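# Close look at the chain arrangement
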Amino acid sequence: MTIRLSGLSKTFGDFTAVHPLDLTIPEGSFFALLGASGCGKTTTLRMIAGLEEPTAGSVLLGDDDITALPPHRRPVNTVFQNYALFPHLDVQDNIAFGLRRRGIKSVKKQVDEMLELVELGGMARRRPRQLSGGQQQRVALARALINQPRVLLLDEPLGALDLKLRRQMQLELKRIQTEIGITFVHVTHDQEEAMTMADTVAVMRGGRVEQLAEPAELYENPRTAFVANFLGTSNLITAEVTDADADELRIEAAGSTLRLPAARGNGAAADPGGQLLVGVRPEKITLTHGADAEKVAVGRNRLNGRIVDASYLGVSTQYLIDTPACPEFAVYEQNVGRDPRLVPGTDVVLHWDPAHTFGLDAGQDADAGTGEDAT
């Protein structure tokens, strides 16, 4: 069932938690509201659920305006971070609770189907205290789904789990959503969680949607510095446009000439003499020892620099490079054929495919979305 938010907003006194929001969540999609604490994502979810009354605007489910309906009359269910299972009831009775409350007496078939869906078939008679965090989360999910909602709302449902289990449950949630085909709306502050599960992600900041797109589009072509930094890591440097045509922008940063596709300029100033923020993801960059600089292929974007730090992380090594364009240029390289000469103090050439470069409006704060400015 398609959800449409039209001019939806919420204020608490003088504070605006959600500015007027127009948003369409397609039927059958896995949709994520992503952002730091206080960005308005949970308030938006609660307005969809009917747990928070909008200050203005409307919530439509299909063609039905449900803005004024109380929570129990909306065809939606919510799964919270704390699961809220009844400790005195076993798994079977926790799942059946909603049906029995509605006066349905024959529930075994539906409960068995839910147990199979969440892969807890052998645990029907266990109490919540006998389950792991991941198993409790599955019970809460089954209890919500057994009521056959048109929309399932998930409010940080994996926040209490450890990293390994959280990653496992990300895949499980996506499997379940694909299998049953209803609309999932998922609130999270975890970028990896949103990218792993969602078909579409709305990145929120200060009560507004900063960018709305598929995960790959958000990551590969961020439209703001906040999105570029909040989703992973980006190197952003200020540069001046020296030349431009319909296909390509040529720019200068600290004496080095770089290029990027005009289509990846995101509307930034393209006139010669204009400034823009130039971005490239750390894993797109290759490091070459300074002694081998002549081996770098012609046509690559390149900067000279010196390694100031190297952190070995098993899968990859993460470097910080001091360059004239940026004193802390991040580079992530997989540990495949690692060059042992690449140690702190070494002169290197950083180079990458111009197609992996993106441009942003230079008027933005290049640190927006980092740990110091994630809201």
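Procedures and definitions
Numbering of residues starts from 1 in each chain and follows the order in which that chain's sequence is written. Only residues with pLDDT of 70 or above have their local features reported here, since the model is predicted, and side-chain atom pairs are shown and tallied only from 80 upward, although totals for entire chains, interfaces and linings are computed over all residues. Computation of side-chain values covers all heavy atoms of the structure but excludes hydrogens and water. Under the scheme used here, helices are H or I runs from DSSP no shorter than 4 residues and strands are E runs no shorter than 2 residues, and both carry numbers assigned from the N terminus. Three labels apply to residues, based on accessible area from a 1.4 Å probe with only protein chains included: buried if under 20% of the type maximum, exposed if over 50%, partly exposed otherwise in between. By the convention used here, residues are in contact when the closest approach between their heavy atoms is within 4.5 Å. Per-residue and other accessible areas were derived by the Shrake-Rupley procedure at a 1.4 Å probe size, with only the shown protein chains allowed to occlude residues. Charge counting follows a simple rule: Lys and Arg are positive, Asp and Glu are negative, and His as well as the terminal groups are ignored. All charge positions are set by atom: Lys at NZ, Arg at CZ, Asp at CG, Glu at CD. Any carboxyl oxygen of Asp or Glu that lies within 4 Å of a side-chain nitrogen of Lys or Arg is treated as forming a salt bridge with it. Where each domain starts and ends follows an automatic or database-derived domain assignment. Comment: axis = line fitted to C-alpha atoms, over the contacting stretch for helices; angle = value between 0 and 180 degrees taken between N-to-C directions. The scheme is simple: roughly parallel for angles under 35 degrees, roughly antiparallel for over 145, roughly perpendicular for 65 to 115, oblique for anything else. Put simply, a crossing is left-handed when the front helix is turned counterclockwise from the back one by less than a right angle, and right-handed when it is turned clockwise. Just so you know the grouping, Ala, Val, Leu, Ile, Met, Phe, Trp, Tyr, Cys and Pro go in nonpolar, Asp, Glu, Lys and Arg go in charged, and all remaining residues, Gly too, go in polar. Here, strands pair whenever DSSP counts at least two bridges between them. Residues are said to line a cavity or pocket when one of their atoms sits within 4 Å of a point; the points come from a 1 Å grid over protein atoms alone, cavities being sets where a 1.4 Å probe fits but cannot get out and pockets being open sets with protein on both sides within 12 Å along at least five of seven lines. Grid points are joined across faces, edges and corners, and a volume is the space filled by probe spheres set on the points. Here, nonpolar core means buried Ala, Val, Leu, Ile, Met, Phe, Trp, Tyr and Cys residues that are tied together by side-chain atoms lying within 4.5 Å of each other. Side-chain rings of Phe, Tyr and Trp (the six-membered ring for Trp) are treated as a pair once their centres are within 6.5 Å; stacked means planes under 30 degrees apart, edge-to-face means over 60, and tilted covers the remaining angles.

From N to C terminus, the protein chain includes 8 helices and 20 strands. For the protein chain, the residues scored as buried account for 49% of the 375 residues in total. Sequence-distant contacts in the protein chain: of pairs separated by 6 or more residues, those separated by 24 or more amount to 68%. As displayed, the protein chain offers around 17,400 Å² of accessible surface, 48% of which is attributable to carbon and sulfur atoms. A distance of 11 Å separates the average location of the 38 positive side-chain charges in the protein chain from that of its 49 negative side-chain charges.

A few words now on the pattern of salt bridges. Overall, the coordinates contain 24 salt bridges when judged by the stated rule. For Arg-100, the salt bridge identified is with Asp-93, shortest N-O distance 2.8 Å. By relative accessible area, Arg-100 is classed as partly exposed at 42%. Two residues, Arg-250 and Asp-243, come together in a salt bridge whose shortest N-O distance is 2.9 Å. Several salt bridges share partner residues, and in doing so they unite Glu-119, Arg-138, Glu-172, Arg-175 and Glu-179 into one network.

Our focus in this paragraph is the domain arrangement of the protein chain. Assigned domains of the protein chain: these are domain 1 (3-220) and domain 2 (233-365). Distance between the C-alpha centres of domain 1 and domain 2: 40 Å.

Looking now at the packing of helix H2 (residues 91-101) against helix H4 (residues 133-145). Direction vectors running N to C along H2 and H4 enclose 30 degrees, while the axes themselves pass 7 Å from each other. Viewed along their axes, H2 and H4 adopt a mutual orientation that is roughly parallel. Handedness of the H2/H4 crossing: right-handed. In this structure, H2 contributes Val-91, Asn-94 and Ile-95 to the contact, and H4 contributes Val-139, Ala-142 and Arg-143. Split by residue class, the contact of H2 with H4 holds 4 nonpolar, 1 polar and 1 charged.

The strand order across the open sheet built from 5 strands is S13-S12-S11-S14-S20, with neighbouring strands paired in antiparallel fashion. Every interior strand has two partners, whereas the edge strands, strand S13 (256-261) and strand S20 (358-361), have only one. Taken pair by pair, the neighbouring strands of this sheet meet at an average axis angle of 45 degrees, ignoring direction.

A sheet is described by the order of its strands in space; here 4 strands give the open sequence S2-S1-S4-S5, paired in antiparallel fashion. Looking at which strands have only one partner, the edges of the open sheet turn out to be strand S2 (15-25) and strand S5 (64-65). Judged from the 2 bridges that link them, strand S4 (residues 56-61) and S5 form a sheet pairing that is antiparallel. Its bridge partner lying in S5, Leu-60 is registered against Asp-65. Along the sheet face, helix H1 (residues 41-49) touches strand S1 (3-12), S2 and S4 and points at about 120 degrees away from the line of S1.

Turning our eyes to something else, we now look at the layout of surface pockets. Which parts of space are left empty comes out when a probe the size of a water molecule is rolled across the atoms. When its volume is computed, the largest pocket comes out at roughly 830 Å³. Around the largest pocket, the lining is made up of 26 residues, and of these Val-76, Asn-77, Thr-78, Arg-101 and Asn-147 lie nearest the centre. Residue assignment for the lining of the largest pocket shows that the elements contributing at least two residues are strand S6 (76-79), H2 and H4. Counted by class, the lining of the largest pocket contains 14 nonpolar, 6 polar and 6 charged residues. In this structure, the second largest pocket encloses a volume near 240 Å³.

A few words on the nonpolar core. Of all hydrophobic cores here, the largest spans 49 residues; its most connected members are Ile-95, Leu-152 and Val-203. Among the elements that make up this core, the one with the highest residue count is H4 (6 residues). If sequence neighbours within four positions are ignored, Val-203 has contacts with Leu-34, Arg-208, Val-209, Glu-210, Gln-211, Leu-218, Phe-226, Val-227, Phe-230 and Leu-231.

With that settled, the discussion passes to the environment of Asp-322. Tracing the chain through its elements places Asp-322 in strand S17 (residues 316-322). A relative accessible area of 37% places Asp-322 in the partly exposed class. With 13 residues separating them along the chain, Asp-322 and Asp-309 place their C-alpha atoms 9.3 Å apart. Not counting residues within four places of it along the chain, the set of residues in contact with Asp-322 comprises Asn-304, Gly-305, Arg-306, Val-308 and Pro-327.

Axis separation between H4 and helix H5 (residues 163-180) bottoms out at 11 Å; the angle between their running directions is 20 degrees. Comparing their axes, H5 and H4 come out roughly parallel. For the pair H4 and H5, the sense of crossing is right-handed. Contacts between H4 and H5 involve Gly-133, Gly-134, Gln-137, Arg-138, Leu-141 and Leu-145 from the former and Leu-165, Gln-168, Met-169, Glu-172, Leu-173, Ile-176 and Ile-180 from the latter. Classifying every residue of the contact of H4 with H5 by side-chain character gives 7 nonpolar, 4 polar and 2 charged.

Moving on, we get to the side chain of Thr-200. Tracing the sequence through the fold places Thr-200 in strand S9 (residues 200-205). Excluding residues that lie within four positions of it along the chain, Thr-200 makes contacts with Phe-30, Phe-31, Ala-32, Leu-212, Ala-213 and Glu-214.

Time to look at the packing of aromatic side chains. Tallied over the full model, the rule gives 4 aromatic pairs. Aromatic pair Phe-86 and Phe-97: ring centres 4.6 Å apart, planes at 45 degrees, arrangement tilted. One end of the pair, Phe-86, is in the loop between S6 and H2; the other, Phe-97, is in helix H2, and 11 residues separate them in sequence. Judged by relative accessible area, Phe-86 falls into the partly exposed class, the value being 26%. On the basis of relative accessibility, which here comes to 32%, the residue Phe-97 falls in the partly exposed class.

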